[in-house]
Amino acid sequence: MNLMDELRAARPAHLGDRPVDPRTRDAELARAMARPRPARRRRVTVRPAWGLGLAGAAAAVTAVVVVVSGNGTVPTPRGPDGSRPVAVSPSTVPGTRVRLSARDVLLAAAKKADRRSEGDGAYWHTASVTRSVYSAARGGYRVMDLQRSEMWTPAAAGGERWGRDQTLGARPATEEDRQAWERAGSPGEIDVVVPGKAGGPLRLKTSAGKARTSHGPLVDGDKVFWLGRNVTMKDLRGLPSDPGGLKRWLLRSYDGHDTESSSVPMGSDTWLFRVSVGLITDMPVTPRVRGAAFRMLAGLDTVKVIENVVDGEGRQGTAVAVEERVKGSGVLEHRLILDMATGQALGIQSVVVEPGGRRADFEPGTVVGSTTVLEAGWTDAKPS
């Protein structure tokens, strides 16, 4: 699959097929797999994927987010003095492996999900921040690139999807990296190495860019997200609310291979995790369907638990995770982080297990990326 094929697979549907400048094209490709998958234009050779599929993508970040609270706003935990915790760099190693049962963790989250209210509105709205860690092409340091994204998906068929994206700028990933960046002259533009990307490095700016708002018709007039295949809002609202029925529904789209490419085999457990985490975290399904997804994952033998994990916003939780060998990145551990007090998903991280490819110099345990949703819920307001 060449660069343009990868870009077409990753490009959000609301942006249409208009040509873009080379820097924007490379940046979108580098971040695309770190985000939830809207519905895709029909393609012949490659099945599109939700953000956990990192093959051929730069970010190596799994996407994300937060199970919706009643008012659609994700609560931010406060410290004992009422202050907001300091955000933690995703290139530091958070997490303690313990002998908790993944089944118990997921079933507890399912009970919380069942009891949540969901609200209603004309649009399903999400806002998220994605953090992606790269090695600088020169200077021996790493940088973290931050991107903010919002999406408004219409509840009714025939409507338009709106999107708003903003580059928040790149910065040294750790204090040690900051010192190396300063020794390199504190450049405002940094060339970075992108795992799985053909050609030269990607250039990132340390300054924030302007927010860009765009809109366009839904794929085929009614397709809103990718869930093993393109699905409509009606499909999402009518998903089975029992774990067995949901599993059977999802596996109808499973062909024994990676969601990115038919040439990469993938077991059904890993495939189900990758697909259903998007459903859990930021798709407009009912609370009972979200609970069913937790219960379905509880039945997978390959899911494990990691305690004391900190997400990109500094919130602490318990993670359930699977491992995947990723082209150009070695073996990564994909973590879904849960707040066990509320049953909410705080976010997702990708963590190096076995370095490889263009990440051969990344130590095991390095968090190479994360995405955290700041808001997810129904609204009647579209962007102004």
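Conventions used here
- Residues numbered from 1 in each chain as written.
- Predicted model: local features only at pLDDT ≥ 70, side-chain atom pairs only at ≥ 80, totals over all residues.
- Heavy atoms only, no water.
- Helix = DSSP H or I, 4+ residues; strand = E, 2+ residues; numbered from the N terminus.
- Contact = heavy atoms within 4.5 Å.
- Areas by Shrake-Rupley, 256 points an atom, 1.4 Å probe, with all protein chains shown as cover.
- Expected span 1.5 Å × (residues − 1).
- Bend = angle between axes of the 7 residues up to and from the residue.
- Phe/Tyr/Trp six-rings, centres within 6.5 Å; stacked < 30°, edge-to-face > 60°.
- Buried < 20%, exposed > 50% of the residue type's maximum accessible area, 1.4 Å probe, protein only.
- Salt bridge = Lys/Arg side-chain N within 4 Å of Asp/Glu carboxyl O.
- Arc of directions from axis to C-beta.
- Polar contact = N/O pair within 3.5 Å; in protein donor to acceptor, adjacent residues only side chain to side chain.

Draft legend 1. Seen up close, the overall build of the protein chain. Secondary structure assignment for the protein chain yields 8 helices and 14 strands. Long-range contacts, defined here as pairs at least 24 residues apart, represent 68% of the contacts in the protein chain between residues at least 6 apart. Here the protein chain displays about 15,300 Å² of accessible surface, and carbon together with sulfur accounts for 49% of that area.

Draft legend 2. Just helix 7 (residues 268-282), in detail. Counted at 1.5 Å a residue, the expected span for helix 7 with its 15 residues is 21 Å, and the 22 Å between its end C-alpha atoms agrees. Along helix 7, the helix axis deviates most sharply at Ser276, where the bend reaches about 25°.

Draft legend 3. Looking closely at the packing of aromatic side chains. In the structure shown here, the tally under the stated rule is 2 aromatic pairs. Ring geometry for Trp124 against Trp378: centres 5.3 Å apart, planes inclined by 70°, an arrangement best described as edge-to-face. Linking Trp124 in strand 2 (residues 123-136) with Trp378 in strand 14 (residues 367-379), this pair joins segments that are 254 residues apart in sequence. Accessibility classification places Trp124 together with Trp378 in one group, the buried group.

Draft legend 4. Region of interest: the pattern of salt bridges. Scanning the entire structure with this criterion turns up 16 salt bridges. Across the pair Glu150 and Arg148 runs a salt bridge, and its minimum N-O distance is 3.7 Å. On the basis of relative accessibility, which here comes to 11%, the residue Glu150 falls in the buried class. On the accessibility criterion, Arg148 (28% relative accessible area) is partly exposed. The salt bridge partner of Arg203 is Asp191, with a shortest N-O separation of 2.8 Å. On the criterion of sequence distance, the pair formed by Arg203 in strand 6 (residues 202-205) and Asp191 in strand 5 (residues 189-193) is long-range, its members being 12 residues apart. We classify Arg203 as partly exposed; its relative accessible area is 41%.

Draft legend 5. How the structure looks around unusual backbone geometry. Residue Ser186 is not a glycine yet carries a positive backbone phi of 50°. Inspection of the secondary structure assignment puts Ser186 in the loop between helix 4 (175-183) and strand 5. Overall, Ser186 belongs to the partly exposed group, its relative accessible area being 33%. The backbone of Asn308 sits at a positive phi, close to 55°, despite the residue not being glycine. Here Asn308 shows up in strand 10 (residues 304-310).

Draft legend 6. How the structure looks around helix 4. Residues of helix 4 that are buried include every one of Asp177, Ala180 and Trp181, and no others. The buried residues of helix 4 all sit within an arc of 105° when viewed along its axis, so they share a single face. Residues of helix 4 that are exposed and angled more than 90 degrees away from the buried face: Glu175, Glu176 and Arg183. Where helix 4 terminates, the next one or two residues include Gly185, which has phi positive at roughly 100°.

Draft legend 7. View of the side chain of Arg142. Of note, Arg142 is situated in strand 3 (residues 142-154). By relative accessible area, Arg142 is classed as buried at 14%. Here Glu363 takes part through its side chain, which lies 3.2 Å from a polar atom of the side chain of Arg142. The residues touching Arg142, leaving out its near neighbours within four places in the chain, are Val133, Tyr134, Ser135, Ala136, Arg171, Pro172, Ala173, Asp177, Asp361, Phe362, Glu363 and Thr366.

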